[in-house]
Amino acid sequence: MAAIDLSSRMSLLKPDGSGAFASASFDRLSSVGSVTELFHAPSGWAAFTNKHRIAPVRSMKVTKKSETRRVASHNGPLTADKIEYPFDIESDGHPLGQMRVRPNALRKTKIVCTIGPSTSSSEMIWKLAESGMNVARLNMSHGDHSSHQKTIDLVKEYNAQFPDKVVAIMLDTKGPEVRSGDVPQPITLKEGQQFNFTIRRGVSTEDTVSVNYDDFVNDVEVGDILLVDGGMMSLAVKEKTADVVKCVVVDGGELKSRRHLNVRGKSANLPSITDKDWEDIKFGVDNQVDFYAVSFVKDAKVVHELKDYLKSSNADIHVIVKIESADSIPNLQSIISASDGAMVARGDLGAELPIEDVPLLQEDIIRRCHSMQKPVIVATNMLESMIDHPTPTRAEVSDIAIAVREGADAVMLSGETAHGKYPLKAVKVMHTVALRTESSLSTSIAPPAKSSAHNSHMGEMFAFHATTMANTLNTPIIVFTRTGSMAILLSHYRPSSTIFAFTNDERIKQRLALYHGVLPIHMQFSDDAEETFSRAIELLLEKGLIKEEQYVTLVQSGAQPIWRRESTHHIQVRQVQG
C-alpha cells in the first residue's frame, strides 16, 4: 500500500525526480507516495483513492453487551475486574447499543486528581495512575511542604518507570481566602437568628465568631448576602460597626471551624498571590512542578507578575488561572490570554455569582480557551457524593458528560480523591463516563482563520489538514516534537483518534499530559528519521496501542524542524507492516 505525503507546497512530491514515487524499506512501515489538493476537492480524493487502490479502513465488530472488556486508560489498563460496554468508541450517528468500534479507544479527556490523606501512599498513587489519573493536584490549602514533597517524589518515581505513561504535577495555591475562626464545637445557626462576625481575633461565642481578614468590615455592605462554606449557609448583613458585621441567618446549618466566607457578587480586596502563596510557588520551582493553578485571579497583572518571577528563576512552569471570583469575569479575555490555561473553579464562582450563571460561564470559558488553543479544566463538585458513597448521582454523571461535550481538556476530582472513602471508584466512574461520552461526539472541524504570523498559520494549517486526513482514514496521529507545539495544535482540532506525541524532553512529555487526546511518550531521537519512525512504531506495537496492518498518520511540522528543512512540512499516512 502507498503512504500519503502532504507537503507544505501542496504539490505532488516526486522524491526521485522522475515522476515515480520513491519507496523506502524499513522494518515496520510501508512507504507510499504523495497527494495534492487532497482536502479541497472531493472528486480529486476519489480519483486518488481509485488510482492508488486505497483500501477502506474497516470497523471492528460491535462488542456484545454480555462480553467483558478491558478498558484502557491513557496511563495503562483500567484495573477494574469487570466493566461491560456495548461499544468501544464513536457512534457516527448509530443508535445507542450499536456503536461503531474504533481500533484505539483511549480516553481523550484528562483527569486531574487531588492528592490527600486518602491517596498519599505509594500504593494509592500507583493505583490512581493505572485507573486513569493524568495530573496529580497538590492543594496548598491543606497539608505542609513535607507531605506535598512526598507526593511529588512518588509521582516522579512512577513517571521514571515508563516511557509511555506519565502523571503531571499541578500545584494549586491557597489564595486570599476569607475564613471564619476556630470554634470549640460546631455552632448551630437557625433561620431568623442574629449572628455576628468580628475582625477581633480569637472570639468564639454562641452568636459571634472571628474572621481572619482585617478589612472584612470595610468590604461588606448592609444588604449583602454572606455565604458560608460555599453556600451551605447564608446570612443577610443588617448592620455593621467598626469591628463587627451583624447578620440575620437566612439559611441555617452547623458552623464549624475555618469555614470559607463569600459575599454574593463581590470579591475580597486581597492580593491574588499572598505571602504564603509565594512560599509555595518557590517550593514548586525547587521541585520542578509542571503547572501552577493560581487561585482567585482578578486580572492579567497577577499572571504577568508570576510569569516574570518564573522567568527570573529560569523555571519552565505553566500558569493555569482559576476563574472563581466575581471580579475576574469582566477581565476574562485578558486573563486567559496572559495565562497558559484556565480552570473553571465552580465552587467559589457559584458563591460569588448567581448560581444559575455558572453553567453559562463554564461554557463561555471553555469556548474562549479553545479559541486561544489553551487547555481548560472543569472543577468542583463533579462527583461530590462519592466522598461518602460508592456510586454517583445521575446528575453528577450528567455534569461530567456536559463538560466533555463542551470540549474541556480535563475534569477534576477534589475531595473525592483527597479524603473520600472511594477514591479509585471515583476515578473509574469519571474515566468511563468521559470515554462513553466521547464515543458519541461527532468529528467536525473548521479550518483555521488567517493569522498575521505566517509561521504560526502554517503550523495551524498542517494541524488542521493532519486531523482531516486522520479522521478521513480513521487513523491515529503520530507526531514528533521537541517543544510540544504541534501536539498542542493537533489537540486543538480534536482528532477522532489518539495523538501519540513522541518527544525527547521529559518536561514536554509531562506537560502534554494535560492536553485533550494527547498520549505523550518519551523517546530519544536519532539522526535518521526512518530509524526513529520505526522505533516509535515498534514501541506502539509492543504496548498494544496500534496493530499490524493498521494505518497511521505521521506528522513532521512545528516550531523546531526535525529531519526536515525549516521551509518544509510533511504529513504521511503509512501502513504498519508485520
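All of these numbers come straight from a predicted model, not from anything done at the bench. (Residues numbered from 1 in each chain as written. Predicted model: local features only at pLDDT ≥ 70, side-chain atom pairs only at ≥ 80, totals over all residues. Heavy atoms only, no water.)

### Description of the packing of aromatic side chains
Line of reasoning, step 1. Going through the model one piece at a time under the given rule, you end up with nine aromatic pairs.
Line of reasoning, step 2. Taking 5.5 Å as the distance between ring centres and 75° as the angle between the ring planes, the aromatic pair formed by Phe195 and Phe197 counts as edge-to-face. Comparing Phe195 with Phe197 shows no difference in burial state: the two are buried.
Line of reasoning, step 3. Three or more aromatic residues link up through ring pairs in this structure, and these residues are Phe480, Phe502, Phe525 and Phe533.
Line of reasoning, step 4. The ring of Phe162 has Lys165 lying over it, and the distance from NZ or CZ to the ring centre is 4.6 Å. (Phe/Tyr/Trp six-rings, centres within 6.5 Å; stacked < 30°, edge-to-face > 60°. Buried < 20%, exposed > 50% of the residue type's maximum accessible area, 1.4 Å probe, protein only. Lys NZ or Arg CZ within 6 Å of the ring centre and 35° of its normal.)

### As for the confidence of the model for the protein chain
Line of reasoning, step 1. Per-residue pLDDT for the protein chain averages 82, and the proportion of residues at 70 or more is 78%.
Line of reasoning, step 2. In the model, residues 96-104 has pLDDT below 50 throughout and makes 38 contacts with residues more than four positions away in sequence or in other chains.
Line of reasoning, step 3. Within the model, the stretch residues 451-455 combines pLDDT values under 50 with two contacts to residues more than four positions away or in other chains. (pLDDT = per-residue confidence, 0-100. Contact = heavy atoms within 4.5 Å.)

### Considerations on the packing of helix H10 (residues 394-406) against helix H12 (residues 423-438)
Pairs of packed helices are described in terms of their axes, by the angle between the two and the distance that separates them.
Line of reasoning, step 1. In the contact formed by H10 and H12, the axes pass within 9 Å of each other and the chain directions differ by 50°. By the angle between their axes, H10 is oblique relative to H12. For the element pair H10 and H12, the recorded crossing hand is right-handed. Residues Val397, Ile400, Ala401, Val404 and Arg405 of H10 lie in contact with H12, whose contacting residues are Met430, Val433, Ala434, Thr437 and Glu438. (Axes fitted to C-alpha atoms, helices over the stretch in contact; angles between N-to-C directions. Helix = DSSP H or I, 4+ residues; strand = E, 2+ residues; numbered from the N terminus. Parallel < 35°, antiparallel > 145°, perpendicular 65-115°, else oblique. Left-handed = near helix turned anticlockwise from the far one by under 90°.)

### Some points on the packing of helix H9 (residues 358-371) against H10
Line of reasoning, step 1. Look at H9 against H10: their axes get within 10 Å of each other, and the N-to-C directions meet at 30°. The angle between H9 and H10 places the two elements in the roughly parallel class. Relative to H10, H9 is oriented so that their crossing is right-handed. Of the residues in H10, those in contact with Gln362, Glu363 and Ile366 of H9 are Ile402, Ala403 and Glu406.

### As for helix H3 (residues 145-159)
Line of reasoning, step 1. The end-to-end C-alpha separation of H3 is 21 Å, in line with the 21 Å expected for 15 residues at 1.5 Å each.
Line of reasoning, step 2. Every buried residue of H3 is listed here: His148, Thr151, Ile152, Leu154, Val155, Tyr158 and Asn159. In a view along the axis of H3, the buried residues occupy a sector of 165°, so they form one face of it.
Line of reasoning, step 3. In this fold, the buried residues of H3 make contact with helix H2 (122-131), strand S6 (135-139), strand S7 (168-172), helix H5 (275-286) and helix H15 (506-511). (Expected span 1.5 Å × (residues − 1). Arc of directions from axis to C-beta.)

### Quick word on the nonpolar core
Line of reasoning, step 1. In this structure, Tyr292 and Ile365 are the most contacted members of the largest nonpolar core, which totals 68 residues.
Line of reasoning, step 2. Counting residues per element, this core draws most heavily on H12, at seven residues.
Line of reasoning, step 3. Beyond its immediate chain neighbours, meaning those up to four positions away, Tyr292 contacts Leu171, Ile281, Gly284, Val285, Leu306, Leu310, Ile317, His318, Val319 and Ile320.
Line of reasoning, step 4. Of all hydrophobic cores here, the second largest spans 26 residues; its members include Met469, Val479, Met486 and Ile571. (Core = buried A, V, L, I, M, F, W, Y, C linked by side-chain atoms within 4.5 Å.)

### Considering the side chain of Glu438
Line of reasoning, step 1. By the element assignment, Glu438 lies in helix H12.
Line of reasoning, step 2. For the buried Glu438, no salt bridge exists, and the shortest N-O distance to an oppositely charged side chain is 4.9 Å, to Lys108.
Line of reasoning, step 3. Each residue touching Glu438, except ones within four places of it in the same chain, is listed here: Leu106, Arg107, Lys108, Thr109, Val404 and His516. (Lys, Arg positive; Asp, Glu negative; His and termini not counted. Salt bridge = Lys/Arg side-chain N within 4 Å of Asp/Glu carboxyl O.)

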